[in-house]
Amino acid sequence: MKTLFGTDGIRGRAYEPPLDEDTVRRLGAALAKDLSSDGAPPRILLAGDTRKSTVDLAEWIGSSFQAGGGSVVWGAVLPTPAVSQLCRENDFSAGVVISASHNPAADNGIKILGPNGEKIADEIERHLEQRIEDTEPLFGPDLPEVDQSLSHRYVDLLVASHSAPAPLSGLHVVVDAANGAASGIAGEFLARLGARVTLTAASPDGDNINDGCGATAPGHLGAKVVEVQADAGVALDGDADRVVLVDEKGSVLDGDDILLVWARHLKTVNRLPAGRVVATVMSNFGLERALTDEEMEPIRCDVGDRSVWLAMNEYGSVLGGEQSGHIICSHYGVTGDGLLTGSHVLAIAARRKQPLSSLSDLQRLPQILVNVPISRMRPFDELPGVSRQLVETNRRLEGRGRVLLRYSGTEPLARVMIEGENAAEIATLAAVLAEAIRRELG
């Protein structure tokens, strides 16, 4: 069987391999076998986002898992970080999330979390893939009744992460819930922190998740914040593990801005050991320069919030994240959490009695990212035309920028990212590199 797991679990078109019924039921049975190795009946927390296909995939994996001797607690619609937090405080063998995060509604995915709330390691994923080959699909009981207490408990945990009562008192916040997993809880949570909340994209219908809204499309949120004269906006993605913010002027603060704001605060209150902050290879060089200038230590890692978490553990950092808005602060959790991150950054501004715009002073180098649809993957250094163009691009940018080529872990795309001092120059260079990739892999 080919590799099923990418950078963020299994991802693909719903009802098609690897998210067809046979494969998903095999996965449920294989997971039950793996988690039963110590002899105790395994118990998982199962939940997902608001896509039409989510309940079907949950039924398949949950039924097979129960037929394999395990038990399921069914949380229905819950954010990925909710499953992580609830696994950490309860006696679950694992957490399983049915979600394709920021992807379109036709896609879906399966993420598996360990009992400590962390995404499972690569070697466990590879082991599961091998076990699936020798495991028959199983058919067992339907999913149990939804445990309605889980979402309330998650909101309680989020509120408890703030030491001060009502830290957002007086703020008017617009929330774009991406018609996703946080649609039913985002307003309640921020209201409990004292904010006046205006909700948008919080009416999921199974097909509208991430559709022109959320963290990947914050333009409408920016316009809404300005229209209603709000203090800030919070844009989540489909499973609410990432966030981007909008200030009172409608300007977007992405993960790089958020990392800088939160790192400064943690350093000020002596909660940033050795000043170390983890960012991925996709973060703007301006973040690296700002952290260095303020006597903090930037650490680069591969793309993916699991890579961020591993680097945080390796280097003893408590803060890390991605430009896309996956931010992890280990004082509060072990995975990205959009509601938690957004609320803490807004609380920093409120505590200082300053507008959010005053905190976002990151000076970026111009950056361009081009996504190239591909039909296959090969190492870039094995592609003669791409290799030649990469050498020329690096020669042109020497000392003035950088170039990064990588494959998406969740979609059939090659990504060309270039940073440099001249926006027109890097746009031209990126277009030429993208065309070279398209010719060889399209």
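This section reports on the structure supplied with the text. In this text, all values refer to a predicted model and were calculated from it rather than measured experimentally.

Pairing within the open sheet is mixed, and its five strands lie in the order β8-β7-β9-β10-β11. Bordering the open sheet on either side are β8 (196–200) and β11 (252–253), each of which pairs with just one other strand. The pairing of strand β10 (residues 243–246) with β11 spans two bridges and is classified as antiparallel. The residue bridging Leu245 from the neighbouring strand is Leu253, located in β11. Along the sheet, helix α11 (residues 338–352) makes contact with β7 (172–176), β9 (232–236) and β10, crossing β10 at roughly 30°.

So, on to the environment of Val197. Mapping Val197 onto the fold places it in strand β8. On the accessibility criterion, Val197 (25% relative accessible area) is partly exposed. Through-space distance from the C-alpha of Val197 to that of Gly233 is 9.6 Å; in sequence the pair is 36 residues apart.

Its 12 residues give helix α4 (residues 122–133) an end-to-end C-alpha distance of 17 Å, which sits within 8% of 16 Å, the value for a rise of 1.5 Å per residue. Within the span of α4, buried status applies to Glu125, Leu128, Glu129 and Ile132. Looking down the long axis of α4, one finds its buried residues gathered within 100° of arc, a one-sided arrangement. Opposite its buried face, α4 presents the exposed residues Glu123 and Gln130, each directed more than 90 degrees away. Along its buried surface, α4 packs onto β1 (5–6), β2 (9–13), α1 (21–35), β6 (107–113) and α10 (305–315).

So, how was this worked out
- Residues numbered from 1 in each chain as written.
- Predicted model: local features only at pLDDT ≥ 70, side-chain atom pairs only at ≥ 80, totals over all residues.
- Heavy atoms only, no water.
- Pairing = 2+ DSSP bridges.
- Helix = DSSP H or I, 4+ residues; strand = E, 2+ residues; numbered from the N terminus.
- Contact = heavy atoms within 4.5 Å.
- Axes fitted to C-alpha atoms, helices over the stretch in contact; angles between N-to-C directions.
- Buried < 20%, exposed > 50% of the residue type's maximum accessible area, 1.4 Å probe, protein only.
- Expected span 1.5 Å × (residues − 1).
- Arc of directions from axis to C-beta.

Any link to function would need more than the numbers given here.
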